[in-house]
Amino acid sequence: MSSSFPITFPLILESLLSSNDLTSDQVNFLMNSWLENKIEPVQTGAFLAAFRAKGISGDELSVMAKILQDASKTPLNLPSFDLVDTCGTGGDGANTFNISTAVAFVSAALGVKIAKHGNRSASGKVGSADVLENLGLPLKVSSENVIEALKTFGITFLFAPSWHPSLVNLAPLRKSLGVRTIFNLLGPLVNPLRPKSQVLGVAKSNLLEPMSIALKGMGLKRAVVVHGAGGLDEASLAGENEFRFLDNNSIRSEIIHPSDIGLDEISNESLKGDDLQTNSNILMSLLKGEGNKYHKEVVALNTALVLWASGFEDNLSFGVKSSLDCLNTDKSWLLFEELRDFLAN
């Protein structure tokens, strides 16, 4: 709904502080002001704190994400086939190994076209970009090579800072605030290659609804938003996982326990990572088919979600079985090596 009053920063801030959702016009004004560097740092800090206190709506997220996508370095020669992303919000504090990164390569080895959007760690956790770079995959490559890799191997990696130059001015302030903000939620929504499907993990259950509404508003065909048992931003083996399944413009809620799809319940402690080298070794071991049982099973569970989102497999139990079969081979590692070598040359 459009506002009949002039849109100003004080009015927007007052609205947020009164726990009111912003109109689409107000969101447009605010986000474009950020991108044009028209907001003073102290004002930005106030807006981000106010959004954090109010809680952001799915509609607000959708409008913001579309603006950021339009401002990104989106290539003109986008692939004609549908893509899936496995980027989540992070911030669960669980220090697991890089589950969604492993999921991306296993999914691609099973034939899903993956455009993995990711960044370095913003906290103590090892980010997807960190672990991939440590295994030799270059981060700063041309957009042409990123697209060519996707067309050739069915998977590519987009290092977020290279694709969103408009956010560079905000990076120091966001870091200085020391808390998670709306931009941590926007990150998983703004893949420049505009995937039609996504599996998106959230660290808090109250984000399930706004994130699924945002994905719907952005026109995704199918998506899964998941809050894992024990507070993971991935589907977990530790108990009941909460889901929102977006399909054909409709969102449904579901709770799934690992035993519902033939998996054992196991503590999240079994999924712990550590430093960069440890996480790199775990990822390499998994992709080579040498990972341990529970590492394989949590990756298989999350890969099954990707298979559902992509339309490859509607039955999650069957998806888990296909994923485990793949994880018992080195097919995913061979794919990683091909992608790494292509991007490095």
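Residues numbered from 1 in each chain as written. Predicted model: local features only at pLDDT ≥ 70, side-chain atom pairs only at ≥ 80, totals over all residues. Heavy atoms only, no water.

**Concerning the pairing of strand E6 (residues 241–247)**
Two faces belong to every sheet, and in a regular strand the side chains alternate between them.
In step 1: With 5 of its 7 residues buried, E6 lies for the most part within the structure.
In step 2: Where E6 lies against strand E7 (residues 250–256), 7 bridges are found, and the strand directions are antiparallel. Bridge pairing links Asp 247 to Ser 250 in E7.
In step 3: Counted along the chain from E6 to the antiparallel partner E7, the turn is 2 residues long, and its residue Asn 248 has a positive phi close to 55 degrees. (Buried < 20%, exposed > 50% of the residue type's maximum accessible area, 1.4 Å probe, protein only. Helix = DSSP H or I, 4+ residues; strand = E, 2+ residues; numbered from the N terminus. Pairing = 2+ DSSP bridges.)

**A look at the side chain of Thr 96**
In step 1: Turning to its location among the elements, Thr 96 is positioned in the loop between strand E1 (84–85) and helix H5 (99–109).
In step 2: Given a relative accessible area of 0%, Thr 96 falls into the buried group.
In step 3: Not counting chain neighbours up to four residues away, the residues in contact with Thr 96 comprise Lys 125, Leu 232, Leu 271, Lys 272, Gly 273 and Asn 279. (Contact = heavy atoms within 4.5 Å.)

**Looking at the UniProt feature "domain: Glycosyl transferase family 3 N-terminal" (unreviewed entry) in the chain**
In step 1: Those places that UniProt annotates as "domain: Glycosyl transferase family 3 N-terminal" (unreviewed entry) correspond, in this numbering, to residues 12–71.
In step 2: End C-alpha atoms of residues 12–71 are separated by 22 Å, and the span's content is 77% helix alongside 0% strand. (UniProt positions renumbered as here; feature names shortened; annotations may be inferred.)

**As for the nonpolar core**
In step 1: The biggest cluster of nonpolar side chains holds 69 residues, and the ones touching the most others in it are Ile 155 and Val 299.
In step 2: Broken down by element, this core gets its largest block of residues, 10 residues, from helix H13 (residues 293–310).
In step 3: The residues contacting Val 299, other than those within four sequence positions of it, are Phe 97, Ile 99, Ala 102, Val 103, Val 106, Leu 286 and Leu 327.
In step 4: Leu 16, Phe 47, Ala 50 and Leu 170 belong to the second-largest nonpolar core, a separate cluster that totals 41 residues. (Core = buried A, V, L, I, M, F, W, Y, C linked by side-chain atoms within 4.5 Å.)

**Topic: the UniProt feature "binding site: anthranilate 1" (unreviewed entry) in the chain**
In step 1: With numbering matched to this structure, UniProt assigns "binding site: anthranilate 1" (unreviewed entry) to Gly 88 and Asn 119. Look at the named residues: they lie 32 residues apart in sequence, but the longest C-alpha span between them is just 10.8 Å, so in the fold they bunch up.
In step 2: With relative accessibility at 24%, the residue Gly 88 sits in the partly exposed group.
In step 3: Not counting the four nearest positions on each side in its chain, Gly 88 is found in contact with Pro 188, Leu 200, Gly 201 and Asp 233.

**Quick word on the packing of helix H7 (residues 143–153) against helix H15 (residues 331–344)**
In step 1: Two numbers describe how H7 lies on H15: the axes approach to 10 Å, and their chain directions differ by 150 degrees. Taken together, the axis directions place H7 and H15 in an arrangement best described as roughly antiparallel. As H7 runs across H15, the sense of the crossing is right-handed. Residues Asn 145, Glu 148, Ala 149 and Phe 153 of H7 pack against Leu 335, Glu 338, Leu 339, Phe 342 and Leu 343 of H15. (Axes fitted to C-alpha atoms, helices over the stretch in contact; angles between N-to-C directions. Parallel < 35°, antiparallel > 145°, perpendicular 65-115°, else oblique. Left-handed = near helix turned anticlockwise from the far one by under 90°.)

**Here we look at the pattern of salt bridges**
In step 1: Enumeration over the complete set of coordinates arrives at 16 salt bridges.
In step 2: Note that Asp 264 is salt-bridged to Lys 293, the shortest N-O span being 3.8 Å. With a gap of 29 residues between them, Asp 264 in the loop between E7 and helix H12 (276–287) and Lys 293 in helix H13 connect regions that are remote in the sequence.
In step 3: On the basis of relative accessibility, which here comes to 40%, the residue Asp 264 falls in the partly exposed class. (Salt bridge = Lys/Arg side-chain N within 4 Å of Asp/Glu carboxyl O.)

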